[in-house]
Amino acid sequence: MTVKATAEAAGRVVLLSPDLDNLSGFETALAAGWSPDPRRAGDETFIMGELRRLRRDRSRFLNALNPDPKRAVRLGRESLSTQLFWIWDGEFCGSIGLRFIPGTEELPPEVSGHVGYSVVPWKQGNGHATRALRLLLAVAEKHGLAGLIILCNEDNDASRRVIERNGGELFKRGSHPSDRPDRTKLYFRLRPAPAD
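Residues numbered from 1 in each chain as written. Predicted model: local features only at pLDDT ≥ 70, side-chain atom pairs only at ≥ 80, totals over all residues. Heavy atoms only, no water.

Taking an unreviewed UniProt entry as the reference, the protein chain is identified by name as Putative acetyltransferase belonging to Rhizobium lentis.

Below is the structure:
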């Protein structure tokens, strides 16, 4: 039985690598106005642009979402690796990603933390983000990361609870170069751990 089929049978949350078989769930979410980038939530131009790119060439869109880890993005002298997953409970629930530079916990200043996630509105409030982050922490541990930084908006109580339920410790409040200067971010430290 595949991971996808197991999740459907059990109704539990799993992380799936994006693929053509489940791209239609991502497409449906975009068409409903969901943004995979929480900073672009409600940005119709961005969301419709992503939807047009997806519909123009599904394979190319998928390849851009799921880059070859051997082709990490160059940032100055460092290579930023990303690993994207779709949150799945029998259907598409959102996305979560891990960003890191192999061999260090450091990130370039313009990168807004090691983790980013977004759950579709009709799946929010069900613990999906909490479970997805717990699963992602196990992925981070396998990459040898000892500590992660994760940010959320100061007024995003739901995201703050997700982070704190996974052991996140608040260590800073302030703006971040990846967002508007007037937006206050909460900075948390997380420790990777095996999934339960």
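Our next topic: the packing of aromatic side chains. Tallied over the full model, the rule gives seven aromatic pairs. Ring centres 5.5 Å apart and planes at 90° place the aromatic pair F26 and W34 in the edge-to-face group. The buried category is assigned to W34, whose relative accessible area is 3%. Measuring from ring centre to ring centre gives 5.6 Å for W86 and F92, while their planes differ by 85°; the resulting arrangement is edge-to-face. An identical accessibility class is assigned to W86 and F92; each is buried. By way of ring pairs, the aromatic residues F26, W34, F61, W86 and F92 are connected into one cluster. (Phe/Tyr/Trp six-rings, centres within 6.5 Å; stacked < 30°, edge-to-face > 60°. Buried < 20%, exposed > 50% of the residue type's maximum accessible area, 1.4 Å probe, protein only.)

Once that is clear, we can look at the pattern of salt bridges. Applying the stated criterion across every chain yields a total of 11 salt bridges. Measuring nitrogen to oxygen at the nearest pair gives 2.9 Å for the salt bridge that ties K123 to E91. One end of the pair, K123, is in the loop between β5 (115–119) and α5 (128–142); the other, E91, is in the loop between β3 (78–88) and β4 (92–100), and 32 residues separate them in sequence. The shortest N-O distance in the salt bridge between R160 and E164 comes to 3.0 Å. (Salt bridge = Lys/Arg side-chain N within 4 Å of Asp/Glu carboxyl O. Helix = DSSP H or I, 4+ residues; strand = E, 2+ residues; numbered from the N terminus.)

Quick look at the packing of helix α3 (residues 44–56) against helix α4 (residues 58–65) now. At a minimum axis distance of 5 Å, the contact between α3 and α4 shows a crossing angle of 120°. Taken together, the axes of α3 and α4 are oblique relative to one another. Residues E50, R53, L54 and R56 of α3 touch α4, and the partners they reach there are R58, F61 and A64. Residue composition of the contact of α3 with α4, by class: three nonpolar, no polar and four charged. (Axes fitted to C-alpha atoms, helices over the stretch in contact; angles between N-to-C directions. Parallel < 35°, antiparallel > 145°, perpendicular 65-115°, else oblique. Contact = heavy atoms within 4.5 Å. Nonpolar A, V, L, I, M, F, W, Y, C, P; charged D, E, K, R; others polar.)

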